[in-house]
Amino acid sequence: MDRIDRTLLNLLQRDAARSNVALAEAVGLAPSSCLRRLQRLKASGVIARIVAILHPAKAGRPLKAWVTVELKLHGEQHMRRFLERAAAEEAVAQAHGVTGAVDVVLLLQLRDMEEFDVLCQRLFRDETNVARFVTMVVIRTAKEETAIVV
């Protein structure tokens, strides 16, 4: 990956709706050369996907919460099983198996507290292998960035 590839990636992360012609112009390439680079970056997996980033509140999911989860039973199969269940939930925006005092960290984008309560019943109670969970509701966001500086 050279300087032009990195510049293209940074431009795309800021505005993926830019046309190939505009990207080519920004990096000083012919549109055909720019397109070949982008295709190579996609094929290699550097560009995992191109998405639209929505404003959560305007999209009907104004409540954001981080949840840490400690599992009763440990081991790869237990972690995998819980992460699969969590990932299947529509309100779960991110699900991570982590090191440290807890096993899993979830980021939830919720419609309201009622949705959170129902989600808690499904994911954290009864026969779910959850020993305990701690919820932190986001009241203010100072920075939320999706771009990775390359």
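For clarity, every value in this text was computed on a predicted model and none was experimentally measured. (Residues numbered from 1 in each chain as written. Predicted model: local features only at pLDDT ≥ 70, side-chain atom pairs only at ≥ 80, totals over all residues. Heavy atoms only, no water.)

(A) Structural detail: the packing of helix α2 (residues 20-27) against helix α3 (residues 31-43). One can describe the packing of α2 onto α3 by two numbers: an axis separation of 8 Å at closest approach and a directional angle of 100°. Taken together, the axes of α2 and α3 are roughly perpendicular relative to one another. Contacts between α2 and α3 involve N20, V21, L23 and A24 on the former and, on the latter, P31, C34, L35 and L38. Taken together, the residues of the contact of α2 with α3 sort by class into 7 nonpolar, 1 polar and no charged. (Axes fitted to C-alpha atoms, helices over the stretch in contact; angles between N-to-C directions. Helix = DSSP H or I, 4+ residues; strand = E, 2+ residues; numbered from the N terminus. Parallel < 35°, antiparallel > 145°, perpendicular 65-115°, else oblique. Contact = heavy atoms within 4.5 Å. Nonpolar A, V, L, I, M, F, W, Y, C, P; charged D, E, K, R; others polar.)

(B) Inspection of the nonpolar core at higher detail. Judged by nonpolar contacts, the single largest core of 20 residues is most densely connected at V69, F82, L106, L108, L110, L123 and F124. Those elements that provide at least two residues to this core are β1 (63-71), α4 (76-87), β3 (104-110) and α5 (113-124). Ignoring anything within four residues of it in the chain, the contact list for L108 reads L63, K64, A65, V67, A91, V92, A93, F116 and L119. The next biggest cluster of nonpolar side chains, apart from the first, holds 12 residues, and it includes L11, L23, A24 and L41. (Core = buried A, V, L, I, M, F, W, Y, C linked by side-chain atoms within 4.5 Å. Buried < 20%, exposed > 50% of the residue type's maximum accessible area, 1.4 Å probe, protein only.)

(C) Inspection of α3 at higher detail. Along its 13 residues, α3 runs 18 Å from first to last C-alpha, staying within 8% of the 18 Å computed at 1.5 Å per residue. Residues of α3 that are buried: C34, R37, L38 and L41. Across the axial projection of α3, the buried residues extend over an arc of 95°, all falling on one side. Opposite the packed face of α3, turned more than 90 degrees from it, sit the exposed residues R36 and A43. (Expected span 1.5 Å × (residues − 1). Arc of directions from axis to C-beta.)

(D) Structural context of the packing of aromatic side chains. Tallied over the full model, the rule gives 1 aromatic pair. Ring geometry for F124 versus F133: centroids 4.2 Å apart, planes at 25°, classification stacked. For F124, a relative accessible area of 5% puts it in the buried group. On the accessibility criterion, F133 (24% relative accessible area) is partly exposed. (Phe/Tyr/Trp six-rings, centres within 6.5 Å; stacked < 30°, edge-to-face > 60°.)

(E) Broad picture of α2. When we look at burial in α2, the residues that qualify are L23, A24 and V27. Viewed along the axis of α2, the buried residues span an arc of 100°, placing them on a single side of the element. Exposed residues pointing more than 90 degrees away from the buried face of α2 are listed as V21 and E25. The inward-facing, buried residues of α2 abut α1 (3-14) and α3. Trailing α2 by a residue or two, G28 shows a phi angle of about 75°, which is positive.

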